[in-house]
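Listed below, chain by chain, are the residues.
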Amino acid sequence: QQQVKQSPQSLIVQKGGISIINCAYENTAFDYFPWYQQFPGKGPALLIAIRPDVSEKKEGRFTISFNKSAKQFSLHIMDSQPGDSATYFCAASKRTGSARQLTFGSGTQLTVLP
Amino acid sequence: DVKVTQSSRYLVKRTGEKVFLECVQDMDHENMFWYRQDPGLGLRLIYFSYDVKMKEKGDIPEGYSVSREKKERFSLILESASTNQTSMYLCASSLRAGGPEAFFGQGTRLTVV
């Protein structure tokens, strides 16, 4: 049972286009929603994150949109560049005892064509 | 800069072998995690630890155990490796009192033959 569902599995976008990746969750205990970016041969790294009391967060070309009532959130990459080609994971975080636990989506392989 | 270091990038082990994956972090983080990454499944939590000698099961603990004898070191143990444990293993750490961000190592690609 996947607690965080991510789509699409792969995405090909032309340089300068908009990349959109969607995620949905069920557990209302999640209270922090980060996106991680992973390049080949590297571990995932935090890209941008949002808390559920905010509907949108923008950092440069990256924007998270959050719909609390629908339990959905999405990553938009504006003016996509070949250097953005990577695997993107959405995640949801909740407190579990003395630690915070991250639950990841299945990942989206983004390819930006030059 | 937070650094999470995994001892091996690539490992090849035989079925039935006992396998140790080691992870060290240098930022005094209380929390440490082990994930496995498989295509189409994302990252799945195996075990985590919020303090020395403390451990909690994640979503897929079967076939694995962990050890945390020192704050900076978290080991994943495959008691008897099987082919279905062939995967990429990622270690991560985070601050207990800080934000929920986790910092990841580069991963260990384990192949069990």
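A brief structural summary. Residue positions are counted from 1 within each chain, in the order its sequence is given. Chains and ligands are labelled by the order in which they are written, letters from A for the one and numbers from 1 for the other. A pLDDT threshold of at least 70 governs which residues receive local features in this predicted model, and a stricter bar of 80 or more applies before side-chain atom pairs are shown or counted, although totals over entire chains, interfaces and linings include all residues. Calculated side-chain values reflect all of the structure's heavy atoms, with hydrogen atoms and water omitted.

## Considerations on the overall build of chain B
Here is step 1 of the chain: Secondary structure counts use DSSP, requiring at least four H or I residues in a row for a helix and at least two E residues in a row for a strand, with both numbered from the N terminus. In terms of regular secondary structure, chain B is built from 0 helices and 11 strands.
Here is step 2 of the chain: Shown N-terminal to C-terminal, the secondary structure of chain B runs as helices and strands in the order β-β-β-β-β-β-β-β-β-β-β.
Here is step 3 of the chain: Both definitions apply: the radius of gyration is a C-alpha atom measure, and the globule rule equals 2.2 Å times residues to the power 0.38. Computed over C-alpha atoms, the radius of gyration of chain B comes to 13 Å, within 12% of the 13 Å expected from 2.2 N^0.38 for 113 residues, which places it in the range of a compact globule.
Here is step 4 of the chain: Overall, the C-alpha framework of chain B stretches about 40 × 30 × 25 Å when taken along its three principal axes.
Here is step 5 of the chain: Relative accessibility decides the category of a residue: with a 1.4 Å probe and only protein chains considered, values under 20% of the type maximum give buried, values over 50% give exposed, and everything between is partly exposed. In chain B, which comprises 113 residues, the proportion classed as buried is 48%.
Here is step 6 of the chain: Working rule for contacts: check all heavy atoms of both residues, and any pair within 4.5 Å makes them a contact. For chain B, restricting intrachain contacts to residue pairs at least 6 apart in sequence, the fraction spanning at least 24 positions comes to 55%.

## Some words on the pattern of salt bridges
Residues and elements named next belong to chain B.
Here is step 1 of the chain: Think of a salt bridge as a Lys or Arg side-chain nitrogen and an Asp or Glu carboxyl oxygen that are within 4 Å of each other. A complete count under the given rule lists 8 salt bridges over all chains for this structure.
Here is step 2 of the chain: With a closest N to O distance of 3.6 Å, Glu79 and Lys18 form a salt bridge. In this pair, Glu79 sits in the loop between strand 8 (73–78) and strand 9 (87–94) while Lys18 sits in the loop between strand 2 (10–13) and strand 3 (19–25), placing the two residues 61 residues apart along the sequence.
Here is step 3 of the chain: Since its relative accessible area comes to 42%, Glu79 is described here as partly exposed.
Here is step 4 of the chain: Judged by relative accessible area, which is 45%, Lys18 ranks as partly exposed.
Here is step 5 of the chain: The salt bridge partner of Asp38 is Arg44, with a shortest N-O separation of 2.9 Å.
Here is step 6 of the chain: Here Asp38 falls in the buried class, since its relative accessible area comes to 12%.
Here is step 7 of the chain: Salt bridges here are not isolated pairs; linked through shared partners, they connect Arg36, Asp38 and Arg44.

## What to know about the side chain of Asp38(B)
Residues and elements named next belong to chain B.
Here is step 1 of the chain: On the secondary structure map, Asp38 appears in strand 4 (residues 31–38).
Here is step 2 of the chain: Counted as a polar contact is a pair of N or O atoms within 3.5 Å, where, for protein atoms, one must be capable of donating a hydrogen and the other of accepting one, and residues adjacent in sequence contribute only when both atoms are in side chains. Reaching out from Asp38, the side chain makes a polar contact with the side chain of Arg36 at a distance of 2.8 Å.
Here is step 3 of the chain: Within the structure, the side chain of Asp38 is placed 2.8 Å from the side chain of Ser87, a separation counted as a polar contact.
Here is step 4 of the chain: Ignoring sequence-local partners within four residues, the contact set of Asp38 consists of Arg44, Thr86 and Ser87.

## Observations regarding the packing of aromatic side chains
Here is step 1 of the chain: Each Phe, Tyr or Trp ring (for Trp, its six-membered ring) is paired with any other whose centre lies within 6.5 Å, and the angle between the two planes then decides the class: stacked below 30 degrees, edge-to-face above 60, tilted in between. One pass over the full model with this rule turns up 17 aromatic pairs over all chains.
Here is step 2 of the chain: When the ring of Phe104(A) is compared with that of Tyr35(B), the centres are 5.4 Å apart and the planes differ by 90°; the resulting orientation is edge-to-face. Of this pair, Phe104(A) sits in strand 10 (residues 99–104) while Tyr35(B) sits in strand 4, each in a different chain. Comparing Phe104(A) with Tyr35(B) shows no difference in burial state: the two are buried.
Here is step 3 of the chain: Plain terms: the ring middles of Phe104(A) and Phe104(B) are 6.0 Å apart, the flat faces sit at 70° to each other, and that makes the pair edge-to-face. On the criterion of chain membership, the pair formed by Phe104(A) in strand 10 and Phe104(B) in strand 10 (residues 103–104) is interchain, its members lying in two chains. As far as the burial class goes, Phe104(A) and Phe104(B) line up, both buried.

## Regarding the sheet that holds strand 3 of chain B
Residue and element names in this part refer to chain B.
Here is step 1 of the chain: Overall, antiparallel pairing links the 4 strands, which are arranged 1-3-8-7 in an open sheet. Only two strands of the sheet have a single neighbouring strand rather than two, namely strand 1 (4–6) and strand 7 (64–70). Across this sheet, the average inter-strand angle for adjacent strands is 20°, counted without regard to direction.
Here is step 2 of the chain: By this definition, two strands are paired if DSSP reports at least two bridges between them. Across 6 bridges, strand 3 lies against strand 8 in antiparallel orientation. Across the sheet, Phe20 pairs through a bridge with Ile77, a residue of strand 8. Between N-to-C directions, angles span 0 to 180 degrees; the directions come from axes that are lines fitted to C-alpha atoms, helices contributing only their stretch in contact.

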